[in-house]
Amino acid sequence: MRLLPGKPRALGLAAALATTALAGAAAPQPVARTARAPQAEDSSGAPAAAEPGASPLRGSLGVPVAERLLASSDPEARLRGIERLGSIGTEGAIDALLAALEQGAPAARDPKARLAAVRALAPHAPRDSVRQLLSRELAEGGAPARSAASPLGELLRGTAALALARSGDKRALAALVNAIVQGGAAGEAAARALKAYPPASLQLLLGSRKRLEPALVAFLGELGDLRALAALRPMLEGGDRAAQVAAARALARLGDEAALAKARAWLRKPEPGLLEASAEVLVHLGAPEAPDAVAALLGSELARLEGLRLAELAPAERLVPALARALPLLPEDARPRAVAAIGRAGGAEAARQLRRLSIERPELATAAAFALATAPGAEARAAVAEMIDGPRAAKDADLRRLGLRAGVVRGLALRDAPEALEGRLLAALAAPRGSSDRAVAAFGAVALGLRDAREVVGECSPASCDRAAVHAAARGALARGERALAALAPLFAELAAPDGSGAPDAAAISAGVALLAAPRGGAVATSRLAALAEAGGPLAPLAARALAARDDEVIRGRLKRLLEGSDPVVRAHVALGLGSDPMPDSVSLLARAYRFEDDAAVRRAIVRGLSRRAEVQRRRVLEAARDLDPDEGVRALARAALSGVDRRALDAPSALATGVVWVAIVPNDRSAAASASSRPARLVRPDGLAVPVVADPDGVLLVPGVPPGVSSVLLAPAAPPGDAGS
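Residues numbered from 1 in each chain as written. Predicted model: local features only at pLDDT ≥ 70, side-chain atom pairs only at ≥ 80, totals over all residues. Heavy atoms only, no water.

The backbone phi angle of R415 is positive, close to 55°, even though this residue is not glycine. When you line up the elements, R415 lands in the loop between α24 (397–414) and α25 (421–428). Residue classification places R415 among the exposed positions, given a relative accessible area of 63%. (Helix = DSSP H or I, 4+ residues; strand = E, 2+ residues; numbered from the N terminus. Buried < 20%, exposed > 50% of the residue type's maximum accessible area, 1.4 Å probe, protein only.)

Given below as structure tokens:
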């Protein structure tokens with residue numbers, strides 16, 4: 001049959017329009033035989049938002065289909081309708097989407113639908129109606145009447161704020177400024193968004209304001225834009241004292257010394273609010289009077305906590321006496337901070353105060369020892385040496401162990417261990433099996449490279465093993481790198497095998513650090529990894545990562561359940577494992593998981609997983625994460641992945657991973673003291689990896705090899721009295 005000229009092209013266009021109108025949002029678009037440019041997809045798999053003015057014919061066919069989806073009682077169908085309208089991008093499609101979000105509509109009551117709509121509407125933020133909706137979501141994202149019960153509330157609010165800031169539209173920026181002035185959660189989200197997308201001109205922020213509110217002034221200081229100096233300096237001489245204080249603080253944050261004279265004048269006035277402001281200005285500008293001003297705050301009952309904050313910000317030896325005097329007057333939960341501030345101040349007096357606290361104040365002994373261990377200088381090193389080898393150490397085993405731990409931490413953190421440390425550690429290895437003394441020695445000897453972990457552990461099987469030494473040596477191996485961790489793999493494979501009850505040997509939890517060096521699980525059977533991942537506990541996250549890296553049709557269902565589970569740490573590790581998944585469709589699992597994940601740490605892991613994938617679908621999710629994710633870490637990881645950074649570089653061990661976490665487990669009830677002994681736990685590092693650990697018999701955890709940042713520790717539930725594992 002002979003085709004007439006032009007017919008194939010017409011048929012191709014019709015096929016393309018039909019596909020656009022009818023295909024599900026999760027399915028990739030087929031390529032039609034036309035000259036039409038291929039459509040990108042959003043994070044759900046639906047086509048990405050088109051620019052305003054897209055094909056009218058395409059819009060006329062697609063909008064009715066999307067409206068029928070929006071009228072469905074199925075939430076997933078409504079989501080497809082929202083994403084389809086956003087992908088069409090015509091004025092009519094956007095109007096239909098806005099109508100679907102009117103008060104009382106099913107989509108307006110569904111946080112997932114509202115989040116999908118905000119993402120779809122983000123390219124159209126300059127439109128009045130879209131800007132108004134985004135402003136409403138910024139103000140009400142977590143309001144009780146709408147989605148306070150939903151964990152997506154803050155994600156929704158932050159996404160709306162970023163959409164407004166990214167538009168650069170004057171009226172959108174004005175909405176963000178109004179939120180900052182009003183304060184609260186909306187103001188915090190607006191401030192973060194404007195820091196992510198600073199305006200091209202500060203005049204867009206300030207508008208025609210004749211008076212800058214204190215909240216806006218404070219934000220200008222945090223923004224770090226020196227163009228704000230011209231607006232802030234005249235405020236120092238205004239008649240409004242609150243405005244003067246806000247301007248002085250903002251100018252000091254920007255490093256401008258125009259506020260210095262005003263701060264010095266305020267020092268001579270007895271008003272508490274002025275004293276706090278002047279001290280902060282002096283601290284930020286590094287003025288010589290700063291330590292005395294901070295010491296005055298530490299001596300004031302009303303301003304003591306502010307004084308502690310500034311002492312942490314600007315350590316100085318002159319502050320040590322004031323910190324020591326303030327210590328017993330501070331709230332109990334703030335006292336460890338004061339101890340740490342004394343250590344950072346340094347000097348002979350700081351070392352003397354910290355040594356005294358380690359002896360006289362048992363509740364602060366751990367904080368004092370850690371401060372000595374990380375304080376530079378010969379005085380601090382000498383104080384640690386006396387705790388190890390001094391007259392008191394010979395009589396007080398608790399003090400001696402405290403000193404040994406401080407010496408090991410000092411050796412790891414500063415490479416400045418006391419001379420007596422090595423000999424004392426090796427001697428303590430001869431202590432009785434299962435004792436705290438031998439556990440401390442095992443940790444220190446392995447962490448400092450004096451002994452190999454397997455050498456310290458010796459023969460170990462479920463029938464006979466010094467489990468306390470295994471726990472300590474495994475934690476010590478974290479300081480020695482992947483080779484030392486890999487050496488524990490055979491031990492972990494043996495101990496992880498189930499006993500008669502189906503549970504692994506207790507020492508397997510500690511030896512599980514070997515999974516850090518074996519992302520695919522090494523020699524452990526897939527069925528065993530699945531059981532460990534689904535059982536919860538300290539080993540579950542790393543087991544889940546290894547299981548995901550072995551994904552196949554048999555275990556895909558279990559991975560989906562883990563990826564949708566209630567433990568965000570396990571979800572994050574499944575996402576990391578899917579990055580190395582041999583199954584090419586795992587990228588779709590990651591893309592779908594990102595859509596409505598409320599935990600920022602899990603979204604970071606998803607982006608890390610996607611950064612390892614080569615499939616083209618990853619780009620759409622990464623672009624959405626780069627542009628509209630409220631978490632700065634997620635955006636940074638997505639930018640790095642999209643900029644062509646070597647994927648292996650994103651996962652390479654950090655050269656800065658030299659930190660040590662020191663935790664003392666103290667029961668609330670003395671009758672439960674046994675529950676702290678050899679307590680299993682998981683430590684989630686700042687990079688998101690969960691490390692399985694077990695405390696020493698005296699309830700102390702030392703975990704080295706931690707990157708800079710905030711870590712968290714979750715203790716495993718203690719077994720009830722009388723249980724076999726208690």
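A separate point is helix α36 (residues 586–595). With eight of 10 residues buried, α36 lies mostly within the body of the structure. Taken residue by residue, α36 has S586, V587, L589, L590, A591, A593, Y594 and R595 as its buried positions. Considering only its buried residues, α36 is in contact with α3 (75–88), α5 (111–121), α34 (556–563), α35 (568–578), α37 (600–611) and α38 (618–628). (Contact = heavy atoms within 4.5 Å.)

Counting buried positions along strand β4 (residues 700–706) gives seven out of seven residues, so the element sits mostly inside the fold. Strand direction decides the pairing type here: strand β1 (residues 659–664) and β4, joined by five bridges, are antiparallel. Across the sheet, the residue bridging to V663 is L701, located in β4. (Pairing = 2+ DSSP bridges.)

So, about the nonpolar core. Counting residues in hydrophobic clusters, the biggest one holds 232 residues, and the most contacted among them are L134, L176, L232, F492 and V574. Filtering out sequence-adjacent residues up to four positions away, L134 remains in contact with V118, A125, A160, A163 and L164. (Core = buried A, V, L, I, M, F, W, Y, C linked by side-chain atoms within 4.5 Å.)

Close contact between helix α16 (residues 290–298) and helix α17 (residues 304–313) brings their axes to 7 Å; oriented N to C, the two are set at 145°. Note on packing geometry: the crossing formed by α16 with α17 is left-handed. Touching V294, L297 and L298 of α16 are R304, E306, G307, L308, L310 and A311, all from α17. Of the residues belonging to the contact of α16 with α17, the class tally is six nonpolar, one polar and two charged. (Axes fitted to C-alpha atoms, helices over the stretch in contact; angles between N-to-C directions. Left-handed = near helix turned anticlockwise from the far one by under 90°. Nonpolar A, V, L, I, M, F, W, Y, C, P; charged D, E, K, R; others polar.)

What follows covers the side chain of D627. Looking at where D627 falls in the secondary structure, it is placed in helix α38. Within the structure, D627 has its side chain in polar contact with the side chain of R626 (distance 2.9 Å). Residues in contact with D627, not counting those within four places in the same chain, are L162, R166 and Y197. (Polar contact = N/O pair within 3.5 Å; in protein donor to acceptor, adjacent residues only side chain to side chain.)

Our focus in this paragraph is the sheet that holds strand β3 (residues 690–694). Strand order in the open sheet formed by three strands is β3-β2-β5, and the pairing between neighbours is antiparallel. Single-partner strands in this sheet number two, and they are β3 and β5 (712–715). Sheet twist, expressed as the average angle between the axes of neighbouring strands with direction ignored, equals 25°. Here strand β2 (residues 680–684) runs beside β5; their pairing, made up of four bridges, is antiparallel. The residue of β5 that forms the bridge with R682 is L714.

In this section: the environment of E257. Its location among the elements puts E257 in the loop between α13 (241–253) and α14 (260–267). The spacing of E257 and H284 is 27 residues in sequence and 9.8 Å in space, taken between C-alpha atoms.

What follows deals with the packing of helix α22 (residues 378–389) against α24. With their axes 7 Å apart at the nearest point, α22 and α24 run at an angle of 140° to one another. Viewed along their axes, α22 and α24 adopt a mutual orientation that is oblique. The element α22 and its partner α24 pack so that their crossing is left-handed. When α22 is examined against α24, the residues A380, R381, V384, M387 and I388 are found in contact with a partner set consisting of L399, R400, L402, G403, L404, A406, G407 and R410. For the contact of α22 with α24, a count of residues per class yields eight nonpolar, two polar and three charged. (Parallel < 35°, antiparallel > 145°, perpendicular 65-115°, else oblique.)

With that settled, the discussion passes to the pattern of salt bridges. Applying the stated criterion across every chain yields a total of 50 salt bridges. When the shortest N-O distance is used, the salt bridge between E154 and R157 registers 3.4 Å. Within this pair, E154 and its partner R157 are both found in helix α7 (residues 153–167), separated by three residues, close to a single helical turn. On the accessibility criterion, R157 (6% relative accessible area) is buried. With a shortest N-O distance of 2.7 Å, R603 and D629 are connected by a salt bridge. Residue R603 is located in helix α37, and its partner D629 is located in the loop between α38 and α39 (632–642); the two are separated by 26 residues in the primary sequence. Each of the two residues, R603 as well as D629, counts as buried. Each of D398, R400, R401, R405, D437, R475, D696 and D698 takes part in salt bridges that share partners, so that together they form one network. (Salt bridge = Lys/Arg side-chain N within 4 Å of Asp/Glu carboxyl O.)

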